[in-house]
Amino acid sequence: MPATDSNAPSPEEARELLARAESLGSSATAAAGWPHIAFMLSFGVSTSMGTLAMGLTTGPPYFIAMMAMMAWNIILVVFMTVFAASIKKGFTKRWAIYGGLWTATYAVAILFAALSQGENLLGVCLSAGALAAVTTACAWHEARK
């Protein structure tokens, strides 16, 4: 007959410990995505409004809008890398998809902004709206994970 360990939990205690561990693990991974969701929404606002401002201006105001957008983007990236230490399972794969979607949309938006010279209001507004829609949809998807 095998020896029993007097320190081992009873079956009921073991079930309780497993349930508690699962609960803690779930809440830890659920909370991990919020810094990234906030980053994504803020990044969407910054790039959407920045490209809109660049598309509606020329000359020095264009560069002021671009520099302001770049400054905010740097601040956002620094905050995310410093303060968002934990990452939800699967986030790195999804982040690559989110980044790819943003990059494709941003390339189109910057093309409109750069070529607009303050004239192509519809194209600039639609591309800025597309940036907002893509980043919001990505953040929404991440929040539901």
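Calculation criteria
- Residues numbered from 1 in each chain as written.
- Predicted model: local features only at pLDDT ≥ 70, side-chain atom pairs only at ≥ 80, totals over all residues.
- Heavy atoms only, no water.
- Helix = DSSP H or I, 4+ residues; strand = E, 2+ residues; numbered from the N terminus.
- Buried < 20%, exposed > 50% of the residue type's maximum accessible area, 1.4 Å probe, protein only.
- Contact = heavy atoms within 4.5 Å.
- Axes fitted to C-alpha atoms, helices over the stretch in contact; angles between N-to-C directions.
- Parallel < 35°, antiparallel > 145°, perpendicular 65-115°, else oblique.
- Core = buried A, V, L, I, M, F, W, Y, C linked by side-chain atoms within 4.5 Å.

1. Overview of the overall build of the chain
Piece 1. Of the regular secondary structure elements, the chain holds five helices and zero strands.
Piece 2. For the chain, the sequential pattern of α-helices and β-strands runs α-α-α-α-α.
Piece 3. Within the chain, the fraction of its 145 residues that count as buried is 30%.
Piece 4. Within the chain, contacts between residues separated by at least 24 positions form 80% of all contacts whose residues are at least 6 apart in sequence.

2. What to know about the packing of helix 2 (residues 34–55) against helix 5 (residues 121–143)
Piece 1. Their axes nearest at 8 Å, the elements helix 2 and helix 5 cross at an angle of 180°. The angle between the axes of helix 2 and helix 5 places the two elements in the roughly antiparallel class. Taking contact as the criterion, the partners of Trp34, Ile37, Met40, Leu41, Gly44, Thr47, Ser48, Thr51, Leu52 and Gly55 in helix 2 are, on helix 5, Val124, Cys125, Ala128, Gly129, Leu131, Ala132, Thr135, Thr136, Cys138, Ala139, Glu142 and Ala143.

3. Notes on unusual backbone geometry
Piece 1. Despite not being glycine, Gln117 shows a phi value in the positive range, around 50°.
Piece 2. Position of Gln117 among the secondary structure elements: in the loop between helix 4 (91–116) and helix 5.
Piece 3. Overall, the relative accessible area of 47% leaves Gln117 in the partly exposed class.

4. Some thoughts on the nonpolar core
Piece 1. Phe39, Phe43, Met54, Trp102, Tyr106 and Leu131 are the most contacted members of the largest nonpolar core, which totals 14 residues.
Piece 2. Going through the elements one at a time, helix 2, helix 3 (60–83) and helix 4 are the ones with two or more residues in this core.
Piece 3. The dominant element in this core, judged by the number of residues it contributes, is helix 3, at six residues.
Piece 4. Setting aside its immediate chain neighbours within four residues, Leu131 contacts Thr47, Ser48, Thr51, Trp102, Thr105, Tyr106 and Ala109.

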